[in-house]
Amino acid sequence: HLCNKLSAVGIAAHHVRLGQCRRLFGEGALGNALMPIVAELDTKYGRESVKGALAVVFPCLGALLGIIVIICSLIALILGNCLTGTGEDGDRWRLVFILTPLLMPYTIFICLTGVMTAVLNYARCFILPAFYSLSMNIFLVGGLLWGWYSKADSTLPELKRFLIVLSLLFLISG
């Protein structure tokens, strides 16, 4: 059955986590590649040239990440609808495909923030990136505590609701 084969591909693709986008487009490769360019522009032409370059980089990066998010979300929705497995394993992967479109937009926010953090660190502004990370973690922990104590029943439908709340918290915190 074609849908079951597509589901197997989707399950394998799930192991390529959201963190891979962050490592590539956030603080990882792009941030490391961008910093020498920012330093050179700042040294030779001043801060205004850096602002102009970033005014080009950020919309392009945002558009690229938006395309990646849309494609991954559509694939997850299609595979989630095609998944015909039964039992605990089938329910688990169905839930993965339901949650993926909720989690994918977080990629846009975290990657853009990662690049901006690298630029701010270059400019020796350390408080804003630290405040962002702190506030995101406080928001997530507070939301998880609220979700945990308001959903004490651990049946599968309650667990699904809790995981959806968690996914929405990630999206909002981004």
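What counts, and at which threshold
Residues numbered from 1 in each chain as written. Predicted model: local features only at pLDDT ≥ 70, side-chain atom pairs only at ≥ 80, totals over all residues. Heavy atoms only, no water. Helix = DSSP H or I, 4+ residues; strand = E, 2+ residues; numbered from the N terminus. Expected span 1.5 Å × (residues − 1). Buried < 20%, exposed > 50% of the residue type's maximum accessible area, 1.4 Å probe, protein only. Core = buried A, V, L, I, M, F, W, Y, C linked by side-chain atoms within 4.5 Å. Contact = heavy atoms within 4.5 Å. Axes fitted to C-alpha atoms, helices over the stretch in contact; angles between N-to-C directions. Parallel < 35°, antiparallel > 145°, perpendicular 65-115°, else oblique. Left-handed = near helix turned anticlockwise from the far one by under 90°. Salt bridge = Lys/Arg side-chain N within 4 Å of Asp/Glu carboxyl O. Nonpolar A, V, L, I, M, F, W, Y, C, P; charged D, E, K, R; others polar.

Novice: For this particular structure, what's the right way to read helix 4 (residues 47–82)?
Specialist: The end-to-end C-alpha distance of helix 4 is 52 Å, a good match for the 52 Å that 36 residues give at a rise of 1.5 Å each. The set of residues buried in helix 4 consists of Val 50, Leu 54, Phe 58, Leu 61, Leu 65, Gly 66, Val 69, Ser 73, Ala 76, Leu 79, Gly 80 and Cys 82.

Novice: I would appreciate a short explanation of the environment of Ile 37 in the present structure.
Specialist: The topology assignment puts Ile 37 in helix 3 (residues 29–45). In this structure Ile 37 comes out as partly exposed when scored by relative accessible area, which is 46%. Between the alpha carbons of Ile 37 and Ala 53 there is a distance of 9.3 Å; along the sequence they are 16 residues apart.

Novice: Teacher, can you tell me more about the nonpolar core here?
Specialist: Nonpolar side chains tend to gather and get buried jointly when the protein is soluble and globular. Among the nonpolar cores identified, the biggest contains 18 residues, and Leu 34, Met 35, Val 38, Leu 54, Ile 110, Val 115 and Met 136 are the most heavily contacted of them. Elements with a minimum of two residues in this core: helix 3, helix 4, helix 6 (105–122) and helix 7 (127–150). Looking at this core, the element that brings in the most residues is helix 6, giving 6 residues. Sequence-distant contacts of Met 136, that is, excluding residues within four places in its chain, are made with Tyr 106, Ile 110 and Ser 173. Of all hydrophobic cores here, the second largest spans 5 residues; its members include Ala 76, Leu 79, Trp 93 and Val 96.

Novice: Got a minute to help me understand the side chain of Ser 73 in this structure?
Specialist: If you trace the backbone, Ser 73 turns up in helix 4. For Ser 73, the residues in contact, after removing those within four places along its chain, are Pro 101 and Met 104.

Novice: For this particular structure, what's the right way to read the packing of helix 4 against helix 6?
Specialist: Helix-helix packing is described using two parameters, namely the angle between the two axes and the distance between the axes. One way to put it is that helix 4 packs onto helix 6 with a least axis distance of 9 Å and a crossing angle of 155°. Relative to helix 6, the element helix 4 is oriented roughly antiparallel. Of the two elements, helix 4 crosses helix 6, and the hand of that crossing is right-handed. Counted together, Leu 54, Phe 58, Leu 61, Gly 62, Leu 65, Gly 66 and Val 69 of helix 4 and Pro 105, Thr 107, Ile 108, Cys 111, Leu 112, Val 115, Met 116 and Val 119 of helix 6 form the full contact between these two elements.

Novice: Sorry if this is basic, but what is going on with unusual backbone geometry here?
Specialist: Keep in mind that most residues, glycine aside, have a negative phi and that most peptide bonds are trans. The phi dihedral of Arg 124 is positive, around 60°, even though this residue is not glycine. With respect to the element layout, Arg 124 can be found in the loop between helix 6 and helix 7. Given a relative accessible area of 68%, Arg 124 falls into the exposed group.

Novice: Hey, could you run me through the pattern of salt bridges in this one?
Specialist: Oppositely charged side chains can pair when the atoms bearing their charge come close. Applying the stated criterion across every chain, the model contains 3 salt bridges. Among the salt bridges present, the one from Lys 44 reaches Glu 40, with a minimum N-O distance of 3.1 Å. On the criterion of helical spacing, the pair formed by Lys 44 and Glu 40 is a turn pair, its members being 4 residues apart in helix 3.

Novice: Help me out: how do you make sense of the packing of helix 3 against helix 6 in this one?
Specialist: With their axes 10 Å apart at the nearest point, helix 3 and helix 6 run at an angle of 40° to one another. On the basis of their axis angle, the class for helix 3 and helix 6 is oblique. Crossing geometry of helix 3 relative to helix 6 is assigned as right-handed. For the pair helix 3 and helix 6, the contacting residues are Leu 30, Gly 31, Leu 34, Met 35, Val 38, Ala 39 and Asp 42 in the first and Val 115, Ala 118, Val 119 and Tyr 122 in the second. Partitioning the contact of helix 3 with helix 6 into residue classes produces 9 nonpolar, 1 polar and 1 charged.

The quantities given are spatial measurements derived from coordinates; they are silent on function.
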